[in-house]
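# Coordinate analysis (summary)
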Amino acid sequence: MVLLTLPCLLIVSAALLALEMTQADNVPVSQGTAISQASSQAAGASIGSTPATLPASPAPATDPDLASADEAAAAEPAKKSPANKQKKKKKKKKKKKKKKRKPLPEVEGTVTIAAVGDIVMGTPTYGFPPAEGRTFFAGVDRFLEGDIVLGNLEGTLSTGGVPRCTAAVEQQEQVEGADEGEDEEAAPPIQTCFTFQTPPSYARWLKRAGFTTLNLANNHAYDFGPAALQQTKATLAARELRHTGAPGQITLHRRGKVRIAVVGFSTYAWSADMRDIEAAQALVRKASKRAHVVVVTMHAGAEGAQHQHVDAGVEYFLGENRGDSMRFARAMINAGADLVVGHGPHVLRGMEWHRGRLIAYSMGNFAGYNTFNLSGPQQYSGVLRATLNTDGTWVRGKLVATRLEGKGIPVRDGAEEAHKLVRSLSRADFPNKAVRIDKRGRLLQPKK
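Quick summary incoming for the structure in this document. (Residues numbered from 1 in each chain as written. Predicted model: local features only at pLDDT ≥ 70, side-chain atom pairs only at ≥ 80, totals over all residues. Heavy atoms only, no water.)

## Observations concerning the overall build of the protein
When you go through the protein residue by residue, the secondary structure sums to 10 helices and 21 strands. Residues counted as buried form 44% of the 448 residues belonging to the protein. The long-range fraction of contacts in the protein, counting pairs at least 24 apart against all pairs at least 6 apart in sequence, stands at 72%. (Helix = DSSP H or I, 4+ residues; strand = E, 2+ residues; numbered from the N terminus. Buried < 20%, exposed > 50% of the residue type's maximum accessible area, 1.4 Å probe, protein only. Contact = heavy atoms within 4.5 Å.)

As structure tokens, then:
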């Protein structure tokens, strides 16, 4: 019985083995691949290797979304690599930079701006006012009141430095010496180079008079070089006086919840450049995002009594490009400025309305001890007072008429010549948008 059973068992075992081999050949490709990879991973683990070091097997063409076990394992440590961490940090930084500035909170109320033209409180070459300047602004300081009181500081508050006229005179002498047939008896050339340097101690009189902000974007801020300009800024800061006019500079003021920006422009390298209209507009747009009210001040235009009118196009003086005042001022209003105040021509110029905002093209010589030519219209000036809503819209305004007395001390002008000049010039230069000035000096919009 046993002998018969053993052969039968052998036959049955052989049949079963054949059946298993047949089933193994019918395993799907993907499953076979997975089995092979699992074996490789197990082998790798036994010798201290990680799955990331193993080559990944491609997924079958019939299932493109299928990832191999190696690819999934390799992706995880790659995310944690130092290089990827650095990339993530950079992306986070970029996201932070791209964060939009929070919009300004809406506030109600009004702000008042008082603005004047050119100021020189004396210089060693031409002398200083009586009482070391103590009473220099006494005749007009009662009008220098407001949330912002703005003036154009011609020259520096400094000591030392080399005046720029020294180099200019030396260069001129070299040119004249090279000319043949020079007439020794010819009349000396008219002086066209002037430098102004006021002692730093005089900053206290600006503060006492009521000024809050001084514009340094002008042709005299660099009269004694970069060190003197820096000393001027430091001197103003020590008296808690703000300055404006450097390239890219936005001078921000807070009055309660209201923010006011002042931006100064001229045509010189040490200032924001008014000749680059596109860049100037970008700076004003930036200011309008930071402040409820934006005031632009510009030092522009040709100088002298023969340049009272605002000419269309670029103005030149002594070979210098002094900017296109009209195009610039209107472009600044278009970009978001609420008030534009000019200076530089040393005479009053007309005023116009542009999109409901005021442009005062030149405020003339406000104060200049023994430095300015005071003949004819050059002796008349004024204090512009403008009250605006916090959205920049006009509320009311006034021109206080002033003049320069004696050697250049500012006083109230009872004859109110400034009103007559600005009224006439505005009508001539801006017939459809001219500022109207009534008998009390109030600034009115055109009649509808």
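What follows picks up the thread again.
## Quick word on the packing of helix 8 (residues 277-290) against helix 9 (residues 325-335)
Axis separation between helix 8 and helix 9 bottoms out at 8 Å; the angle between their running directions is 35°. Handedness of the crossing formed by helix 8 with helix 9: right-handed. Residues Ile-277, Ala-280, Gln-281, Val-284, Arg-285 and Ser-288 of helix 8 touch helix 9, and the partners they reach there are Arg-327, Phe-328, Ala-331, Met-332, Asn-334 and Ala-335. Taken together, the residues of the contact of helix 8 with helix 9 sort by class into 7 nonpolar, 3 polar and 2 charged. (Axes fitted to C-alpha atoms, helices over the stretch in contact; angles between N-to-C directions. Left-handed = near helix turned anticlockwise from the far one by under 90°. Nonpolar A, V, L, I, M, F, W, Y, C, P; charged D, E, K, R; others polar.)

## Overview of unusual backbone geometry
For Ala-131, which is not a glycine, the phi torsion comes out positive at approximately 55°. Owing to a relative accessible area of 47%, Ala-131 belongs among the partly exposed residues under this scheme. With a phi close to 65°, His-346 is a non-glycine residue in the positive phi region. Relative to the helices and strands, His-346 is located in the loop between strand 13 (339-343) and strand 14 (351-354).

## A look at the pairing of strand 2 (residues 148-153)
Of all 6 residues making up strand 2, 6 are buried, and the element is well covered by its neighbours. What you see with strand 2 is no split at all: Ile-148, Leu-150 and Asn-152 on one side and Val-149, Gly-151 and Leu-153 on the other are buried throughout. Direction of pairing for strand 1 (residues 110-120) relative to strand 2: parallel, over a ladder of 5 bridges. Paired with Ala-114 across the strands is Val-149, a residue of strand 2. Two strands pair when backbone bridges link them, and strand 2 and strand 5 (residues 213-215) are joined in this way by 3 bridges, in the parallel orientation. (Pairing = 2+ DSSP bridges.)

## Describing the pattern of salt bridges
Applying the stated criterion to the full structure yields 13 salt bridges. The partner of Glu-303 in a salt bridge is Arg-322, and the shortest N-O contact between them spans 2.9 Å. Within this pair, whereas Glu-303 is found in the loop between strand 10 (293-299) and strand 11 (316-317), its partner Arg-322 is found in the loop between strand 12 (320-321) and helix 9, the two being separated by 19 residues in sequence. Here the two residues Glu-303 and Arg-322 agree in accessibility, since each one is buried. A salt bridge links Arg-442 to Asp-438, with the shortest nitrogen-to-oxygen separation between them at 2.5 Å. Overall, the relative accessible area of 38% leaves Arg-442 in the partly exposed class. (Salt bridge = Lys/Arg side-chain N within 4 Å of Asp/Glu carboxyl O.)

## As for the pairing of strand 8 (residues 258-266)
Across the 9 residues of strand 8, 8 count as buried, placing the element largely inside the fold. The antiparallel hairpin formed by strand 7 (residues 251-255) and strand 8 contains 2 residues in its connecting segment, where Gly-256 sits at a positive phi of about 70°. Two elements, strand 8 and strand 10, share 6 bridges in a ladder whose sense is parallel. Looking at the pairing, Val-263 lines up with Val-296 of strand 10.

## Regarding the nonpolar core
In this structure, Leu-339, Met-351, Leu-358, Leu-384, Leu-399 and Leu-443 are the most contacted members of the largest nonpolar core, which totals 32 residues. For this core, the element with the highest residue contribution is strand 17 (residues 380-389), accounting for 4 residues. Setting aside residues no more than four positions away along its own chain, Leu-358 makes contact with Asp-338, Leu-339, Val-340, Met-351, Glu-352, Trp-353, Leu-384, Trp-394, Val-435 and Leu-443. (Core = buried A, V, L, I, M, F, W, Y, C linked by side-chain atoms within 4.5 Å.)

## Some thoughts on the environment of Thr-371
Mapped onto the fold, Thr-371 is located in the loop between strand 16 (365-368) and strand 17. Note on Thr-371: relative accessible area 15%, which makes it buried. For the pair Thr-371 and Thr-195, spaced 176 residues apart in the sequence, the C-alpha separation amounts to 9.7 Å.

## Here we look at the packing of aromatic side chains
Aromatic ring pairs are reported here in terms of the distance separating the ring centres and the angle at which the planes meet. Summed over the entire model, instances satisfying the criterion amount to 8 aromatic pairs. Between Phe-136 and Phe-137 the ring centres are 5.0 Å apart and the planes differ by 70°, which places this aromatic pair in the edge-to-face class. In this structure Phe-136 comes out as buried when scored by relative accessible area, which is 2%. Note on Phe-137: relative accessible area 3%, which makes it buried. With a centroid separation of 5.2 Å and 15° between ring planes, the pair formed by Tyr-361 and Phe-430 is classed as stacked. On the criterion of sequence distance, the pair formed by Tyr-361 in the loop between strand 15 (357-360) and strand 16 and Phe-430 in the loop between helix 10 (417-429) and strand 20 (436-437) is long-range, its members being 69 residues apart. A relative accessible area of 2% means that Tyr-361 is categorised as buried. (Phe/Tyr/Trp six-rings, centres within 6.5 Å; stacked < 30°, edge-to-face > 60°.)

## As for helix 7 (residues 225-238)
Structurally, the α-helix is built with 3.6 residues per turn, so residues lying three or four positions apart point the same way. Counted at 1.5 Å a residue, the expected span for helix 7 with its 14 residues is 20 Å, and the 20 Å between its end C-alpha atoms agrees. Every buried residue of helix 7 is accounted for by Gly-225, Ala-228, Leu-229, Thr-232, Lys-233, Thr-235 and Leu-236. Buried residues of helix 7, viewed axially, fall in a sector of 160°; they line one side. Exposed residues on helix 7 whose side chains face more than 90 degrees from its buried face are Ala-227, Ala-237 and Ala-238. (Expected span 1.5 Å × (residues − 1). Arc of directions from axis to C-beta.)

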